[in-house]
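Residues per chain, in single letters:
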Amino acid sequence: MKQIYLDHNATAPVRKEVMDVMMPYFTDEYGNASSVHSKGQAAYKAVESSREIIANAIGTESVDIVFTSGGTEADNFAIKGVALANLQKGRHIITTEIEHLAVLEPCRFIEEELGFEVTRIGVDKYGVVDLNKLEGSIRKDTILISVMFANNEVGTIQPIKEIAKIAKKNGIYLHVDAVQALGKELINVDELGIDLCSFSAHKLHGPKGIGALFIRKGVKITPFQNGGHHERKRRAGTLNVPGIVGFGKAVEIATLDLQKTDKHLKKLTKRFFNGLQKELKELYLNGHPENRLSNTLNISFRYIEGESLILNFDLKGIYASTGSACTSGSLEPSHVLTAMKVPPDISQGSIRFSFGYENTEKDVDYCLAEIPPIVKRLREMSPLC
Ligand SMILES: *Cc1c(COP(=O)(O)O)cnc(C)c1O
């Protein structure tokens, strides 16, 4: 059976070129990057060269990059680390209703454990953060604003530059979860005015379990993980050398190919959505019509449950998801679609198709042959119709 993977926002397959550069660091170049001997120094050099590639890709210097175990750790580090280091300044932070759980849960943690107050800003029907509300919620004791670059469920891109201006004017740090944007959108932390920025390798065809946090010079942050003097005392723990090497390669290729991939993905998603619209009624595209990740299509199929669609697609070798991989299985409506005020009878039939560079027009055409009959059959059986 054909297998069409359309769940790249959950994780993307590792590129062959990435695998190839990683392999030697498991076998021949197994040194600890902190060791003084040649084996250690070879590993150290590889780590630093990756750090430089990643720093260059986001318009900063390598000293500002701290490697973490992934996007979740980077988000936790940014939020809890800034909260702990700035307690005397205040205990209020601002975030949005549509963040990933890797941001929402650390926010809840500092609320419950450190006595913080958290303001969660809503979004419009396209998933764009309300800037007036954001600015209006700033207080004297606000220390941090955390807003994602691009949403993992619907793909909407936020006005980061405008948010950064508001943060800067008020002397507040801005943290951006850019896990879904790296390798898909141009990110320049200096031009945008970002103070802290989270990344993860496995969302851009790198290995799982490695990510990074950009920390602008001068940002007060308490280390999240304590131990040895790794990462300039900002993150203790023996470095994941193969992971870091793979992360660097993945960023290098994605950055080089960015425009080409973007064009390819726009073409595929357009062909897919237009094709579905030709065959099916009552389809809704969730997210911003233009200001969106070009690989992400979140579509509501009215009158059907998302979970039954996923299972039926799976039988045909088509792999997609309902919203976020982390919350699926819960059958609760997505917090992102709820924040966008998508009515429950529409949001329940929502599927996220997230494409990757390796998908082809043939893949799309296979899906266009298989999906409409499934939807029609399920609608015929639906008590909601
Ligand atoms: C996947 C994802 C994360 C978590 O990253 P991991 O490396 O899987 O821990 C955080 N934020 C967003 C927006 C994501 O899509």
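The shown structure was predicted, so the numbers you read here are calculated from the model rather than taken from an experiment.

Thresholds applied
Residues numbered from 1 in each chain as written. Predicted model: local features only at pLDDT ≥ 70, side-chain atom pairs only at ≥ 80, totals over all residues. Heavy atoms only, no water. Pairing = 2+ DSSP bridges. Helix = DSSP H or I, 4+ residues; strand = E, 2+ residues; numbered from the N terminus. Axes fitted to C-alpha atoms, helices over the stretch in contact; angles between N-to-C directions. Near = heavy atom within 4 Å. Polar contact = N/O pair within 3.5 Å; in protein donor to acceptor, adjacent residues only side chain to side chain. Areas by Shrake-Rupley, 256 points an atom, 1.4 Å probe, with all protein chains shown as cover. Nonpolar A, V, L, I, M, F, W, Y, C, P; charged D, E, K, R; others polar. Salt bridge = Lys/Arg side-chain N within 4 Å of Asp/Glu carboxyl O. Buried < 20%, exposed > 50% of the residue type's maximum accessible area, 1.4 Å probe, protein only.

Caption draft 1: Region of the structure containing the sheet that holds strand β10 (residues 296–301). What the three strands build is an open sheet, ordered β9-β10-β12; its pairing is antiparallel. At either end of the open sheet lies a strand with only one pairing partner, and these are β9 (283–286) and β12 (350–354). Strand-to-strand twist in this sheet, taken as the mean axis angle between neighbours without regard to direction, amounts to 30°. Strand direction decides the pairing type here: β10 and β12, joined by five bridges, are antiparallel. When the bridges of β12 are listed, T296 appears paired with S354.

Caption draft 2: Representation of the site of the ligand. Lining the immediate surroundings of the ligand are 13 residues, of which T72, D177, Q180, S200 and K203 lie closest. Separating an oxygen atom of the ligand from a side-chain N or O atom of Q180 is a distance of 2.8 Å. S200 places a polar side-chain atom, nitrogen or oxygen, 2.6 Å from an oxygen atom of the ligand. Its free accessible area being 390 Å², the ligand has 88% of it covered by the protein chains. When its residues are assigned to classes, the shell around the ligand shows two nonpolar, eight polar and three charged.

Caption draft 3: Region of the structure containing the pattern of salt bridges. Taken as a whole and judged by the stated rule, the model has 27 salt bridges. When the shortest N-O distance is used, the salt bridge between K249 and E252 registers 2.9 Å. Highlighted residues: K249 and E252, both in helix α9 (residues 241–256), separated by three residues, approximately one helical turn. On the basis of relative accessibility, which here comes to 24%, the residue K249 falls in the partly exposed class. A salt bridge links K266 to D262; the nearest nitrogen and oxygen atoms lie 2.9 Å apart. Taken as a pair, K266 and D262 lie in helix α10 (residues 258–279) at a separation of four residues, close to a single helical turn. What makes K266 partly exposed here is its relative accessible area of 48%. D262 sits in the buried class, given a relative accessible area of 17%.

These values are about where atoms sit, not about what they do.
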